[in-house]
Amino acid sequence: MELTYTDAQRAFRDEVRSWMRDNVPATPLPSFDASREGFEAHRAWEAKLNEGRWGMVTWPDAYGGRGLDLIRWLIFEEEYYGARAPLRVNQNGIFLLGPTLMEFGTEQQKARYLPRMATGEEIWAQAWSEPQAGSDLAAVRAKARREGDEYVLSGHKIWSSRAVYADMAFGLFRTDPDSERHHGLSLILFPLDAPGVTRQAIHQINGEHGFAELFLDEVRVPAENILGAEGQGWKICMATAGFERGLMLRSPARYQVAVRALVALAQSRGDDLDPVLRARVAEAAMGAEAYALSIYSTASRLMAGGRIGAEASTNKIFWSELDIALHRTALDILGDRAELHPGASAAPDAGNWLDGYLFSLAGPIYAGTNEIQRNIIAERMLGMPRK
Amino acid sequence: MQFVITEEQQMMTDMVREFLAANCTTAELRALAETGKSHDAARWSAMVELGLPGALVGEEAGGLGLAPQDVIGLVTAAGAALLPEPLIETMGITLPALDQFGEAALLAQVMAGEAQVALSHPAAPFAEGADSADAILIFEVDRVLLCPAGSATITPQPGVDPLRRLFAVTPGPDAQILAEGEAARAATDHAQEIGALFAAAQMLGIAQRAIDISVAYAGERTQFGKPIGSYQALKHHLASAQVAVEFARPVLQAASAMAASTQDAYTRARISHAKYVCGRAAETTAQTAIQVHGGMGYSQEADVHFYIKRTLSLRNLWGTETLHRNRYAARLETLAIGPDTLFNQEG
Ligand SMILES: Cc1cc2nc3c(=O)[nH]c(=O)nc-3n(C[C@H](O)[C@H](O)[C@H](O)COP(=O)(O)OP(=O)(O)OC[C@H]3O[C@@H](n4cnc5c(N)ncnc54)[C@H](O)[C@@H]3O)c2cc1C
C-alpha cells in the first residue's frame, strides 16, 4: 500500500480546483427537478463542463473525456463536490448508461451517443421499473415488437428519474413475447419526445417532480437502438446495476463535503453541543471516511485488473444508511428548527439539511432496495441457501 | 496512490493463515483450556521458527524488518484463529521496545524461543501469561520498566476468556528502568497506538470468522424442514454483519499503512477510527453469531462463545470505544477536514 498522491496527481487536483474556482456558478442553480428553467440551467452547466473537458474524465478523448484512471476520477469528484458545483442532471447517462455503452455498445452507438451525453445535448432517463416490476424487475411486461427495421414499444414505466424533462431514455423491454422472467428481455434506447410517449410527472416527497410515469403506445424506434443483442437485456442491466451500486452512483466526496458542513454546524453550537450529538457527528464522519477509503481501495483493485462483484451491494447499503444517519444528526442539532425550510427567517443556518434528509430516505429504495441488496450479499457473497 | 495489498504481503498472510488452520484449531484451543494453561509450547516454537515474533524488529537485530502494514493481514488471521499465545503483543510492542532500549540479549533470547516476556501497559494493565514469563515489560505513564519475573508480585485476575490468563503486576525492587520522562511517555504512547491497531486487526479477523462459522452452521441446521440459512431474517442479520466488516477493513488497512509514524495526529485519528469500527463489527458479528446458533450459541458446545469473549477484552484494551471515538471527534474539531484531506499526514 502506498497512500500518498504522486506529484502528477496533485497537479491534476490543482488543475481541477482552479477550473472549478473560475467556473462554478456563485449562486446555486434552481433545482433540476422543479422546473424546466432549472433543468435547462443544469444542461447549460453540463455544456460548460464539457468545454473544460470535464464531462466524464475517465472516457476516452474521442468521446469527450480525458482517458484518465479511476484515482484521477476520484480526485476530480473530490474537487467537484468540494467546490459545491451543481449536481449532475445527466447522472443516469454519464454514470450508468455511459459505462454500459462502453462495454456493450457498438462503435456506431458509442460515437452516436457518448459525445452528446458528454455535452449535455442529450440528457438521459432510466426506464426500467414498472408498476408490477419494482424489486422484482424480471417481471417487466413492457413489450418491444420487431417490425422490419424498427422496434415498436408499448407499456407502462414508472419512477423514471429526470424523465419529466429529459431527452432520451434507456428502457427494459420484453422482445420475446413467450419468454418469462429474465429471459427474452432487451435494452432499447428511445427518445422521450417520440410520438406515442406520454409522460406524467409524479410529485416526490419534497414536492418536486423528480420522476415520471411513462406510457408508451406503439412507439417506433430504429432497430439499431437496441443495446447488445436481443434477449441480452437482463445481463446488461445487471452490469449497469453493478456500476451503479459499486462505484459510480455515489461518489464518496458527496458525503465528505456533507460531513464538513455537519462539523461546522456542530461547532456553531459551541459548548452547548450535547456529547451524544458530538458522538453521532463523529460516527457520521467515520462513515464518510470509511466509504471513501473503501472506494479508493476498490478503484485501486479495478486498476490492477480486478472486477466488481456482489460486494457492490455492501456499498449501496453503506452509503444509503450513512446518508440518513448524517442528515438525522444535522436535524437533531437544529432541533426545533429542523422542520423549517431554508427560506424561513427563524432558520438562518438550517441550510439544506431538511431537503437532504428527505432525499436520503430514498437511498435505501432506489438502485435496488436494501432488502434486495441484503439478499444478494447473503446468497452470492456468503453463499447462503436460496431456498 | 496504490491502495492494494502487495503480493509479498498477501503471501505472508496466507502462510500464517495456513499455519494457524493446521496448528490452531478450536479443538486444540479447547484441549489447551482444559489443562488450565493458555500457551502451547510447541505452537510457540513453530511461530518462533517462522520468525514471527521478530517480524517488526530490524534485520540487523535479527528480525524480519517488516512494517505494520506488512503484518496487518497476519494479525487479522491470528485474531480469527483466537491465537492464545502472545504473538501479537510480543511482535508489535515488546520486542520493538526491547530493541529500542538496547536489551539485545533478552531480545535475542525471545526471538530464539528461549525466553518469554509478558506485558503490562496503562491501556492493557493485566499481564497475560505473567505466571509463565521470564520477565515483564511494564509501561507506565512516564516510566518503562523491565522486571524479572521473580521480583514482581503478580496476582491472578480471572476473566471471561478461558484463553487469557491475566495478572495484576506490581514491580519489585529488581525492576530495571528502561526509560523515564519524555522518552518513556513517547514509548508508552507508541505502544498504545500499535496495541490499538493490532487489537482492531484481531477484531476484524474475529468478525469475519464469526460470520463464516454462522453461515456454515445455518447451512447445516434445519428447522421447519429447511436449512435455517434459507430464512431471510438470518440472511439479513449476516448481510448486515458483512457490511460492517467490509467498511472496517479499508480503514484498518489505511491505518496500518500510516502507522509507521504514530506521532502523527492524522495517523492517530485513523487508528482510533479503525479500533472503533473493527470493535463495532466484532461485537455485532459475535452477537449475531450467537443468535444464529440458537441454544447452541449460549453453550460452550459450539465455538461461538470464544468469539464474543475475545471481543469483550479486545474492545476495551488499548483504549475503550469511547476513548477512541472522542479522539476521532477531537481530530474533526482540530485538523483539516474535507475530501482532499483523506490521506493527509503532518509534515
Ligand atoms: C428516488 C427514486 C428514484 C428512482 N429512479 C428510478 C429510475 O430512474 N428508473 C427506474 O427504472 N426506477 C427508478 N426508481 C424505482 C426503484 O428502482 C424502485 O422503487 C425499487 O426497485 C423498488 O421497487 P418498488 O418501488 O416497486 O417497491 P417494491 O418492490 O414493492 O418493494 C416494497 C418493499 O418490499 C420489499 N421487498 C420486495 N421484495 C422483497 C424481497 N424479495 N425480500 C424482501 N423484501 C422485499 C422492498 O425491499 C421494499 O421495502 C426510483 C425510485 C426512487 C425512490
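A quick note: this is a predicted structure, and the numbers were derived from the prediction, not measured. (Residues numbered from 1 in each chain as written. Chains lettered and ligands numbered in written order. Predicted model: local features only at pLDDT ≥ 70, side-chain atom pairs only at ≥ 80, totals over all residues. Heavy atoms only, no water.)

**Regarding the overall build of chain B**
Part 1: Scanning chain B from N- to C-terminus turns up 12 helices and 9 strands.
Part 2: Relative to the 2.2 N^0.38 estimate, which gives 20 Å for 347 residues, the radius of gyration of chain B is 20 Å and therefore close to what a compact globule would have.
Part 3: By residue count, 58% of the 347 residues in chain B fall in the buried class.
Part 4: Taking all contacts inside chain B whose residues are at least 6 apart in sequence as the whole, residues at least 24 apart take part in 69%.
Part 5: Summed over its atoms, the accessible surface of chain B is roughly 13,500 Å², and 52% of this surface lies on carbon and sulfur atoms.
Part 6: Put simply, chain B has 23 plus and 38 minus side-chain charges, and the middle of one group is 11 Å from the middle of the other. (Helix = DSSP H or I, 4+ residues; strand = E, 2+ residues; numbered from the N terminus. Rg over C-alpha atoms; globule rule 2.2 N^0.38 Å. Buried < 20%, exposed > 50% of the residue type's maximum accessible area, 1.4 Å probe, protein only. Contact = heavy atoms within 4.5 Å. Areas by Shrake-Rupley, 256 points an atom, 1.4 Å probe, with all protein chains shown as cover. Lys, Arg positive; Asp, Glu negative; His and termini not counted. Charge placed at Lys NZ, Arg CZ, Asp CG, Glu CD.)

**As for the site of the ligand**
Part 1: Taken together, 17 residues surround the ligand, and among them Ser129(A), Ser135(A), Trp159(A), Thr369(A) and Glu371(A) come closest.
Part 2: Those chains with residues close to the ligand are chains A and B.
Part 3: Between the ligand and the protein, one listed contact pairs a nitrogen atom with a backbone N or O atom of Gln126(A) at 2.9 Å.
Part 4: The side chain of Ser135(A) places a nitrogen or oxygen atom 2.6 Å from an oxygen atom of the ligand.
Part 5: Within the residue set of the shell around the ligand, elements represented by two or more residues are strand 3 (150-161) and helix 11 (370-381) of chain A.
Part 6: Classifying every residue of the shell around the ligand gives 7 nonpolar, 9 polar and 1 charged.
Part 7: Structurally, the shell around the ligand is a two-domain feature, drawing no fewer than three residues from each of domain 2 (125-231) and domain 3 (250-381) of chain A. (Near = heavy atom within 4 Å. Polar contact = N/O pair within 3.5 Å; in protein donor to acceptor, adjacent residues only side chain to side chain. Nonpolar A, V, L, I, M, F, W, Y, C, P; charged D, E, K, R; others polar. Domains from an automatic or database assignment.)

**Overview of the interface of chain B and chain A**
Part 1: Facing 50 residues of chain B, the contacting portion of chain A comprises 51 residues.
Part 2: Buried area between chain B and chain A, both sides added, is near 4,700 Å², and the carbon and sulfur share of it is 69%.
Part 3: Of all residues in chain B, Met1(B), Phe247(B) and Pro339(B) give up the largest surface area on contact with chain A, accounting jointly for 18% of the area buried on that side.
Part 4: Taken together, chain B and chain A are joined by 6 salt bridges.
Part 5: A salt bridge links Glu289(A) to Arg270(B), with the nearest nitrogen and oxygen atoms 2.6 Å apart.
Part 6: Within the residue set of the side of chain B that touches chain A, elements represented by two or more residues are helix 7 (181-220), strand 9 (226-227), helix 8 (232-246), helix 9 (249-258), helix 10 (265-293) and helix 12 (321-334) of chain B. (Buried area = accessible area lost by both parts, 1.4 Å probe. Salt bridge = Lys/Arg side-chain N within 4 Å of Asp/Glu carboxyl O.)

**Details of the nonpolar core**
Nonpolar side chains tend toward joint burial in soluble globular proteins.
Part 1: If you look at the biggest cluster of nonpolar residues, it comprises 197 residues, and the most contacted ones within it are Tyr296(A) and Phe198(B).
Part 2: Here this core takes 18 residues from helix 7 of chain B, the largest share from any one element.
Part 3: Those residues within four positions of Phe198(B) in sequence are excluded, and the remaining contacts are Leu56(B), Val71(B), Ile72(B), Val75(B), Ile88(B), Met91(B) and Gly92(B).
Part 4: Judged by nonpolar contacts, the second largest core, of 28 residues, contains Val89(A), Ile123(A), Ala142(A) and Ala144(A). (Core = buried A, V, L, I, M, F, W, Y, C linked by side-chain atoms within 4.5 Å.)

**Examining the side chain of His42(A)**
Residues and elements named next belong to chain A.
Part 1: Within the secondary structure, histidine 42 is located in helix 2 (residues 36-51).
Part 2: Owing to a relative accessible area of 5%, histidine 42 belongs among the buried residues under this scheme.
Part 3: At a separation of 2.8 Å, a polar atom in the side chain of histidine 42 contacts the main-chain carbonyl oxygen of glycine 38.
Part 4: Excluding anything up to four places from it in sequence, histidine 42 contacts Leu29, Pro30, Ser31, Phe32, Pro86, Leu87 and Val89.

**Examining helix 3 (residues 41-49) of chain B**
Along an α-helix, residues three or four apart share an orientation, since each turn contains 3.6 residues.
Residue and element names in this part refer to chain B.
Part 1: The set of residues buried in helix 3 consists of Arg43, Trp44, Met47 and Val48. Taken end-on, helix 3 shows its buried residues confined to a sector of 140°, consistent with a single buried face. Away from its buried face, by an angle of more than 90 degrees, helix 3 presents the exposed residues Ala41, Ala42 and Glu49.
Part 2: On its buried face, helix 3 is in contact with helix 1 (7-23), helix 2 (26-34), helix 5 (87-100) and helix 6 (104-111).
Part 3: Once helix 3 finishes, glycine 51 follows within two positions and takes phi at roughly 80°, a positive value. (Arc of directions from axis to C-beta.)

**Considerations on the pairing of strand 1 (residues 124-127) of chain A**
All names here are of chain A.
Part 1: Going residue by residue along strand 1, you find Trp124 and Gln126 tucked away on one face and Ala125 and Ala127 tucked away on the opposite face as well.
Part 2: For strand 1 and strand 4 (residues 168-174), the ladder comprises 4 bridges, and the chain directions are parallel. Bridge pairing in strand 4 links glutamine 126 to phenylalanine 170. (Pairing = 2+ DSSP bridges.)

**A short note on the sheet that holds strand 2 (residues 127-128) of chain B**
Residue and element names in this part refer to chain B.
Part 1: Taken in spatial order, the 3 strands make up an open sheet running 2-6-5, and their pairing is antiparallel. Strands with a single pairing partner mark the edges of an open sheet, and in this sheet they are strand 2 and strand 5 (153-156).
Part 2: Pairing of strand 2 with strand 6 (residues 166-170), which is carried by 2 bridges, proceeds in the antiparallel orientation. Counted as the bridge partner of alanine 127 is phenylalanine 167 from strand 6.

**Here's the deal with the domain arrangement of chain A**
As a measure of interface size, the accessible area lost when the parts come together is often cited.
Residues and elements named next belong to chain A.
Part 1: Assigned domains of chain A: these are domain 1 (7-89), domain 2 (125-231) and domain 3 (250-381).
Part 2: A separation of 29 Å is found between the C-alpha centroids of domain 1 and domain 2.
Part 3: If you look at the interface, domain 1 gives 9 residues, while domain 2 gives 8 residues.
Part 4: Between domain 1 and domain 2 lies a buried interface of about 800 Å² when both sides are counted; carbon and sulfur atoms form 48% of it.
Part 5: Counting the surface domain 1 buries against domain 2, the share from its top three residues, Asp33, Arg36 and Phe39, is 59%.

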